[in-house]
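Listed below, chain by chain, are the residues.
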Amino acid sequence: MVMADLSDDAVIGQSLQTPAMFGAIFDRHSRLVYRYLRRRVGEDLAADLTAEVFTRAFNARDRYEPRGDSAVPWLLGIATNLVRMHRRSEERRLRAYARAAVGERALVLSPPGGSSGDLDDRLDAAALAPVLGEALAALPARQRDVLLLHAWADLSLAEIAVALDLPAATVRSHIRRTRRLIENRLPQHADPRPETRR
Amino acid sequence: MSTAEETHPVDELIRAVRLVPSADATEDAAVDAARRRLEAAMTAPGRAPAVQGRRRRRWRAPAGTVAVAISCGVTLLVAGIAVIALGGHRRPSADATLRGPAPGAGANALIAKLAVLRREQTAADQLPAKLHITTLPLRPAPAIIPSLSRLVATPPGARIYLVVTEPARGGDVLWSPSLGDQLNIVAITDSGATTEGFGYPAADMRDPRNVYLAGLQRPSAGGASVAQRLVDTYRVAIVPDGVARVRFMFAGRARAAIPPVTVRVANNVAITKITPASIGPVRTIWYAADGHIVPTSTAARTRAIAIMNAPRRRDALEAARRSHVTATPAILHAFAVFDSDSRSGIHVGDGYVISHPTLPELPLSVLPGGLGQRQQLDLRDVRKVVSPSGQTLYIVPGMNTICLFVMERGATGGGASGGCAGSLASALRGGAGESSSGTAIQGSMVYAVVPRTTRNYKLQTGHHAFRIIHPVDGIVIAHTPFQFG
């Protein structure tokens with residue numbers, strides 16, 4: 001059987017017999033995990049935590065519960081738990097970025113979907129960055145986890161429930177509450193809808 | 001992966017503003033470094049997963065320290081090695097091999113314990129001649145003895161056969177071939193035929209953990225939900241004669257206790273449907289027809305694991321004896337637990353018993369091959385702490401750290417998990433700690449060893465709630481309703 005034909009679940013199952021097979025999981029998802037971690041904890045820590053995520057996943061692979069084709073929610077769940085160990089540094093980082101962004105709008109923009117996007121929209125988004133940074137830093141850790149897994153790692157609510165081992169209803173409620181908190185912190189005149197004006 | 005109804009302008013805004021500079025140039029280097037570390041873990045000896053039912057644990061830094069996130073693989077899960085080795089059939093094909101015209105003496109013990117094997121084989125009992133069996137997790141399929149297959153259940157969507165297989169051979173198998181042939185389950189569903197791959201001999205017939213997953217569909221593309229994938233999937237408990245009913249008890253997932261299910265035995269098996277909620281570990285209790293509980297035993301497996309691990313243990317002990325690592329005196333002085341030097345153990349407050357075990361008394365999990373080599377630990381100065389409830393910890397000093405191992409309760413192979421302080425400074429400041437991830441229903445367990453200067457230990461009991469406890473001899477074994485992530 002060609003490795004590419006195997007789902008993550010199958011590869012992880014096979015790695016119980018042939019540990020080296022787990023390398024395929026790394027090859028498939030390491031960059032996604034690294035990018036998620038880099039956004040959350042910065043470059044320096046992200047590299048170290050990425051290694052830790054996969055080492056832990058490898059050692060816990062017998063406890064992996066097949067829930068679908070992709071192991072991404074599982075891996076990001078491990079990553080998120082590791083991030084929580086560095087919660088304070090993450091919050092400091094978010095606040096530092098928020099401060100750095102004030103006045104210079106120097107934040108790097110990443111348009112949704114990877115397209116270049118409309119420059120005005122991107123600048124609007126950048127203008128809100130300081131507020132967002134502060135708002136994210138102020139969120140309770142679990143709510144921040146839920147929101148960022150959704151917004152930055154693109155997990156569905158069901159996948160977040162798997163990642164964080166939470167009931168789907170709790171995830172839904174967390175995300176609703178978190179969005180409301182963020183919206184309330186945005187300036188009254190700000191339109192948090194850069195996409196809708198395209 | 002997101003669906004349209006799950007998107008929200010706030011999410012889009014957060015996506016649009018990346019609060020971190022792009023740095024693709026460094027990504028390759030970071031990923032390469034991570035890959036090297038994973039490869040080291042994959043090739044390290046003794047890195048084996050745990051047995052089913054082991055409770056998940058995650059590292060938790062003790063207050064004020066940066067605990068090194070030594071992976072769960074620090075856990076030298078010996079029992080897991082055994083289970084994995086069980087699948088160590090050397091045949092390369094994934095097709096079931098139907099061989100041997102008649103059962104040999106190897107099957108006699110199984111036949112004596114299972115009425116279903118003593119009845120005549122009917123045409124329905126016979127497996128299809130050309131059968132491609134996927135062994136789960138994907139392993140070479142065992143050699144099935146054709147005359148000893150029995151159709152034992154036909155739940156919706158599946159035909160479940162009890163089969164007898166030849167014992168796996170080789171130097172790394174759990175069950176000695178001398179124990180005879182082994183039991184297994186083959187499930188045939190619309191999506192194919194599967195076995196779970198964990199056969200066991202008659203000697204292990206009374207182990208209540210022998211519950212098979214039957215008919216697990218192989219994941220496929222197309223976005224099918226978990227419920228859809230599990231549509232023809234069952235748990236099958238094989239029980240000896242005399243067991244009339246089996247009670248399945250499921251490990252509850254967070255905030256969702258799953259009620260136990262009691263199933264009547266037919267053809268020496270009890271089966272229950274798997275649902276997405278009940279996919280986790282399961283325990284069983286066996287009942288006789290008169291309602292009495294049928295005694296079960298895990299002794300055979302425990303013995304087999306010990307025998308299988310004996311060479312590994314010998315090597316680990318030898319490596320430990322050769323080691324000249326000595327714990328730094330600062331560590332030994334900072335932690336009260338090292339004040340106790342009794343080989344047989346002394347009782348201290350809170351009912352703990354602290355002892356100073358010799359090298360041969362250390363469990364395999366604590367010996368080199370796991371954490372010891374990496375952290376330069378002094379295995380001659382280990383302290384063993386046993387709580388009144390029987391929970392066992394090992395506190396291991398090192399040149400630059402202190403580590404804490406929590407032995408898995410009920411694990412047959414001496415599995416353990418634990419953590420080490422990240423540096424000498426953090427060891428002296430906060431010690432080492434560990435917590436179970438826990439559930440919202442059951443809460444979590446917290447384990448820590450803290451320096452004698454720590455008179456008050458802050459135990460987290462809620463998201464923003466803590467309780468102060470006063471550790472005896474620096475040992476913390478505490479339950480909290482808080483669910484550590």
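Our subject is the structure that appears above.
Structure report, in brief.

1. Structural notes on the overall build of chain B
Link 1 in the chain: The helix and strand inventory of chain B stands at 10 helices and 27 strands.
Link 2 in the chain: Counting every position in chain B, which comprises 485 residues, the buried fraction comes to 57%.
Link 3 in the chain: Taking as baseline every contact in chain B between residues at least 6 positions apart, the subset at least 24 positions apart corresponds to 65%.
Link 4 in the chain: When the accessible surface of chain B is split by element, carbon and sulfur atoms take 56% of a total near 19300 Å².

2. Section: the overall build of chain A
Link 1 in the chain: Summing up its helical and strand segments, chain A has nine helices and zero strands in all.
Link 2 in the chain: Considering chain A as a whole, with its 198 residues, one finds that 59% of them fall into the buried category.
Link 3 in the chain: Nonlocal contacts in chain A, meaning residues at least 24 apart in sequence, comprise 64% of its contacts between residues at least 6 apart.
Link 4 in the chain: Total accessible area computed for chain A in this model is approximately 7800 Å², and 49% of it derives from carbon and sulfur atoms.

3. Focus on the sheet that holds strand S16 (residues 282-287) of chain B
All names here are of chain B.
Link 1 in the chain: Across the sheet, three strands lie side by side as S14-S13-S16; this open sheet has antiparallel pairing. Where the open sheet ends on each side, the last strands, each with one partner, are strand S14 (261-264) and S16. On average, adjacent strands in this sheet sit at an angle of 25° to one another, irrespective of strand direction.
Link 2 in the chain: As judged from the four bridges shared by strand S13 (residues 245-250) and S14, these two strands associate in the antiparallel manner. Paired with valine 246 across the bridge in S14 is valine 263.

4. Remarks on the pairing of strand S21 (residues 402-407) of chain B
The side chains of a regular strand alternate between the sheet's two faces.
Residue and element names in this part refer to chain B.
Link 1 in the chain: For S21, the tally of buried residues reaches six of six residues, placing the bulk of the element in the interior.
Link 2 in the chain: Where burial is concerned, the two faces of S21 agree: the one with Ile402, Leu404 and Val406 and the one with Cys403, Phe405 and Met407 are both buried.
Link 3 in the chain: Where strand S20 (residues 392-397) and S21 come together, five bridges link them in antiparallel fashion. Looking across to S21, one finds that proline 397 is bridged to isoleucine 402.

5. Comments concerning the state of the cysteines
By definition, a disulfide links two cysteine residues through a covalent bond between their sulfur atoms.
All names here are of chain B.
Link 1 in the chain: What the rule picks out here adds up to one disulfide over all chains.
Link 2 in the chain: Each disulfide pairs two cysteine sulfurs, and for cysteine 403 the partner residue is cysteine 420, the sulfurs being separated by 1.8 Å. Residues cysteine 403 and cysteine 420 share a disulfide whose torsion about the S-S bond is about 105°; that sign makes it right-handed. Here cysteine 403 is found in strand S21, whereas its partner cysteine 420 is found in strand S22 (residues 416-421), with 17 residues between them in sequence.

6. Brief notes about the packing of helix H8 (residues 157-164) of chain A against helix H9 (residues 168-185) of chain A
All names here are of chain A.
Link 1 in the chain: Two elements in contact, H8 and H9, have axes separated by 8 Å at closest approach and are oriented at 110°. By the angle between their axes, H8 is roughly perpendicular relative to H9. Taken as a pair, H8 and H9 cross one another with a handedness that is right-handed. Contacts from Leu157, Ile160 and Ala161 of H8 reach H9 at Ala168, Val171, Arg172 and Ile175.
Link 2 in the chain: Counted by class, the contact of H8 with H9 contains six nonpolar, no polar and one charged residues.

7. Details of the sheet that holds strand S15 (residues 269-273) of chain B
Residues and elements named next belong to chain B.
Link 1 in the chain: Spatially, the three strands line up as an open sheet ordered S11-S12-S15, and their pairing is antiparallel. One side of each edge strand has no neighbouring strand; the edge strands of this open sheet are strand S11 (211-214) and S15. Neighbour-to-neighbour, the strand axes of this sheet turn through a mean angle of 25°, independent of strand direction.
Link 2 in the chain: Note: S11 against strand S12 (residues 234-238), four bridges, orientation antiparallel. Across the sheet, valine 211 pairs through a bridge with alanine 237, a residue of S12.

8. Side note on H8 of chain A
Residues and elements named next belong to chain A.
Link 1 in the chain: The buried count for H8 comes to six of eight residues, which makes it a mostly enclosed element.
Link 2 in the chain: Of all the residues in H8, the buried ones are Leu157, Glu159, Ile160, Ala161, Ala163 and Leu164.
Link 3 in the chain: Tucked into the core, H8 has its buried residues touching helix H4 (72-85), helix H7 (141-151) and H9.
Link 4 in the chain: Within two residues after H8, aspartate 165 carries a phi angle of roughly 55°, on the positive side.

9. What to know about helix H2 (residues 22-41) of chain A
Residues and elements named next belong to chain A.
Link 1 in the chain: Of all the bends in H2, the largest measures some 55° and sits at histidine 29.
Link 2 in the chain: Burial of H2 is extensive: 15 of the 20 residues sit out of reach of the surface.
Link 3 in the chain: A positive phi of about 90° marks glycine 42, the residue just after H2.

What counts as what
- Residues numbered from 1 in each chain as written.
- Chains lettered and ligands numbered in written order.
- Predicted model: local features only at pLDDT ≥ 70, side-chain atom pairs only at ≥ 80, totals over all residues.
- Heavy atoms only, no water.
- Helix = DSSP H or I, 4+ residues; strand = E, 2+ residues; numbered from the N terminus.
- Buried < 20%, exposed > 50% of the residue type's maximum accessible area, 1.4 Å probe, protein only.
- Contact = heavy atoms within 4.5 Å.
- Areas by Shrake-Rupley, 256 points an atom, 1.4 Å probe, with all protein chains shown as cover.
- Pairing = 2+ DSSP bridges.
- Axes fitted to C-alpha atoms, helices over the stretch in contact; angles between N-to-C directions.
- Disulfide = S-S within 2.5 Å.
- Parallel < 35°, antiparallel > 145°, perpendicular 65-115°, else oblique.
- Left-handed = near helix turned anticlockwise from the far one by under 90°.
- Nonpolar A, V, L, I, M, F, W, Y, C, P; charged D, E, K, R; others polar.
- Bend = angle between axes of the 7 residues up to and from the residue.

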